[in-house]
Amino acid sequence: MAEEYKIGDMAEKIQLLKQTATELKRISGGIQAVDRNVDRILASIKMLEINISDVAGIL
Amino acid sequence: MEQYWNPILETLPREKLQRLQLKKFQNIFKWAYEHSKFYHKVYSEAGIELGDIRTFDDIRKVPKVEKSMMRAIQGKDPYPYGDMLCVPLGEVTEYHQTSGTTGQPVYQADTWQDWEWHADAWAYVLYAQGYRASDRVFLPFGYNIFIAFWGAHYGAEKLGCEVIPGGVLNTEARILRMQELRATAMMATPTYILGMADVARRKLGIDPARDLQIRKITVAGEPGGSIPTTKKRMEEAWGAKVYDHIGATEIGDWGYECIYQSGLHVNEALFLVEIEDLDTGKLITEPGRRGKMVITAFDRMAQPCIRFDSKDIIEWSPIDKCECGRTFRLLRGGVMGRADDITKVKGVLLAPTSIEEVVRSIPQLGDEYEVLVTKKGDLDDITLKVELMAGQEGNVDAIKNKLVDQLRVKTGLRYTLEFHEYGTLPRYDVKAKRFKDLRPKE
């Protein structure tokens with residue numbers, strides 16, 4: 001069933017999301033309203049990695 | 001696709017699934033080795049280094065962790081979790097603790113990331129059991145320091161369900177609220193599911209199967225969901241499908257029934273379950289042999305759970321392919337008890353779940369029962385207290401014969417039987433304590 005899905009493409013986009021979120025935090029100037037919300041976004045991105053990216057490497 | 005939360009992981013061919021598991025085990029082992037003083041010490045003392053885990057067999061060399069080891073390091077800095085903690089205290093956002101049934105409670109730290117993971121593990125459970133965004137899910141759960149259905153709340157939200165927190169309401173108010181709001185699903189312990197149905201009928205004149213719209217129930221916290229006779233009673237009382245689920249504070253939510261109810265799937269994308277022979281400690285891979293579970297959560301980072309000796313008694317199912325198409329292995333009979341609970345009585349190993357299975361197979365008996373193990377002289381004695389349903393007083397002899405026969409078949413033991421009036425044995429709101437071993441400790 002895994003072949004039906006664009007796992008590699010999804011993993012790439014997930015990586016992009018992570019880079020974007022991390023970059024946003026880097027330039028936030030320490031604004032808590034940015035940093036803390038980015039941390040939450042990163043927690044969700046980690047779940048995307050667990051659900052998609054981690055398996056991409058073994059298929 | 002419709003029946004899977006994640007069709008990629010849930011239908012991954014076994015060989016690929018095992019490669020994923022090995023990779024994930026290596027990652028969590030490295031993380032704990034490098035970030036937790038506790039794990040570093042345990043592994044160093046065992047002579048295990050980073051890079052030593054190359055195959056599945058190597059995993060068996062990694063020392064197991066027990067609850068007593070966790071208790072020993074807790075209450076110290078970083079307070080109160082001690083050296084098991086892998087992240088700075090400032091990153092911990094969730095505190096929970098075990099109930100302390102077997103001793104001093106264990107503190108559990110989670111970060112936002114862990115909490116997302118927790119909700120996702122529950123999402124696998126609920127999606128497999130048919131929960132969808134259209135469901136209105138009622139949680140008759142006293143939201144508190146115990147993790148219990150907190151994860152279920154967030155897992156159901158993740159699916160898009162409407163979640164109703166039925167926290168500080170009494171049982172009657174919860175039933176009325178479920179009726180008023182037309183809740184379609186709920187989650188609780190088997191004891192409370194049966195207890196609520198009883199209260200609905202006796203105190204409110206409500207027949208849950210007829211008057212409420214609950215059609216899916218997820219149970220946890222006790223073995224009842226995988227005991228056929230208890231499941232049948234719950235399903236009949238509520239007119240709903242009842243699905244079992246298994247999780248623990250220190251582990252996460254690792255096992256669940258799907259809509260086909262063929263056994264409990266182990267979520268092998270998030271957890272590694274090993275079953276060990278109770279006497280030899282050797283790995284059991286074949287179906288039908290009971291053993292003790294050793295479990296690893298691959299992605300719980302603040303306070304990792306690596307080769308945790310849970311003492312839960314489980315066995316692999318002979319069914320190697322569930323109709324649902326998941327490749328996750330199945331367990332037969334759920335968690336049958338804990339290694340600590342499976343007590344020797346009169347020289348025979350006794351699992352309390354076997355007694356429950358018998359009591360609840362006899363319709364003339366109520367849901368409640370109590371087992372007392374005592375010492376009379378040098379001999380063990382087991383007293384089983386049961387409740388007669390109203391109007392059954394004239395049938396005691398026939399019921400007694402049936403009970404004696406079935407108990408002998410299921411447990412190989414003889415019991416002193418006590419019949420009580422319906423409604424007189426203790427009732428429980430969460431986890432029941434029906435098995436009491438009152439023999440002097442040696």
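Our structure is the block above this text.
Here the structure is a predicted model, which means the values were calculated and not measured.

A.B. asks: In this structure, what is going on with the overall build of chain A? I would like to understand it.
C.D. replies: Looking only at helices and strands, chain A features 2 helices and 0 strands. Each of the three principal axes of chain A carries a C-alpha extent, and together these read 45 × 15 × 15 Å. A burial count over chain A gives 14% of its 59 residues as buried.

A.B. asks: Is there a simple way to explain the overall build of chain B in this structure?
C.D. replies: Looking only at helices and strands, one finds 13 helices and 20 strands in chain B. Across its three principal axes, chain B shows a C-alpha extent of roughly 70 × 60 × 45 Å. Residues classed as buried in chain B amount to 46% of the 442 residues present. Pairs at least 24 residues apart make up 70% of the contacts formed inside chain B by residues separated by at least 6 positions.

A.B. asks: How should I be thinking about the sheet that holds strand β14 (residues 330–331) of chain B in this particular structure?
C.D. replies: Neighbouring strands of a sheet are bound in pairs by backbone hydrogen bonds; such pairs are parallel or else antiparallel. Residues and elements named next belong to chain B. The strand order β4-β3-β5-β6-β7-β8-β9-β14 describes an open sheet built from 8 strands, whose pairing is mixed. Strand pairing shows two members of the sheet lacking a second neighbour, β4 (162–165) and β14, which therefore form its edges. Bridging between strand β5 (residues 185–188) and strand β6 (residues 216–219) involves 4 bridges; their strand directions are parallel. From the neighbouring strand, Ala188 faces β6, where its bridge partner is Val219. Those strands touched by helix α6 (residues 112–128) are β6, β7 (241–248) and β8 (252–256), and its axis lies near 15° from that of β8. Here helix α7 (residues 150–159) sits on the sheet in contact with β3 (136–139), β4, β5 and β8, set at roughly 155° to β4.

A.B. asks: Which parts of the structure should I look at to understand helix α2 (residues 14–35) of chain B?
C.D. replies: Turn by turn, an α-helix covers 3.6 residues, leaving residues three or four places apart pointing in a common direction. Along its 22 residues, α2 of chain B runs 31 Å from first to last C-alpha, staying within 8% of the 32 Å computed at 1.5 Å per residue. Listed as buried for α2 of chain B are Leu17, Leu20, Gln21, Lys24, Phe25, Ile28, Phe29, Ala32 and Tyr33 of chain B. Structurally, α2 of chain B contributes buried residues whose contacts are with α2 (32–56) of chain A together with α3 (37–45), α4 (56–59), β10 (271–276) and β12 (291–297) of chain B.

A.B. asks: Could you clarify how one ought to interpret the environment of Tyr33 of chain B in this entry?
C.D. replies: Residues and elements named next belong to chain B. Topologically, Tyr33 is positioned in helix α2. Distance in space between the C-alpha atoms of Tyr33 and Tyr43 is 7.4 Å, their sequence separation being 10 residues. Excluding its chain neighbours within four sequence positions, the residues that come into contact with Tyr33 are Tyr39, His40, Tyr43 and Leu50.

A.B. asks: Would you mind going over the pairing of β7 of chain B with me for this structure?
C.D. replies: In the case of a regular strand, side chains alternate between the two sheet surfaces. All names here are of chain B. Among the 8 residues that make up β7, 7 are buried, leaving the element largely enclosed by the rest of the structure. Looking at chain direction, β6 and β7 are connected through 4 bridges and run parallel. Counterpart to Lys216 in the pairing with β7 is Lys241. Handedness of the β6-helix α11 (residues 228–238)-β7 crossover: right-handed. Examined bridge by bridge, β7 and β8 share 4 bridges and lie antiparallel to one another. Looking across to β8, one finds that Ala248 is bridged to Gly252. Between β7 and β8, which pair antiparallel in sequence order, lie 3 residues.

Thresholds applied
- Residues numbered from 1 in each chain as written.
- Chains lettered and ligands numbered in written order.
- Predicted model: local features only at pLDDT ≥ 70, side-chain atom pairs only at ≥ 80, totals over all residues.
- Helix = DSSP H or I, 4+ residues; strand = E, 2+ residues; numbered from the N terminus.
- Buried ≥ 20, exposed ≤ 12 C-beta atoms within 10 Å, placed from the backbone.
- Contact = placed C-beta atoms within 7 Å.
- Pairing = 2+ DSSP bridges.
- Axes fitted to C-alpha atoms, helices over the stretch in contact; angles between N-to-C directions.
- Expected span 1.5 Å × (residues − 1).
- Right-handed = clockwise from strand over helix to strand, strands pointing away.

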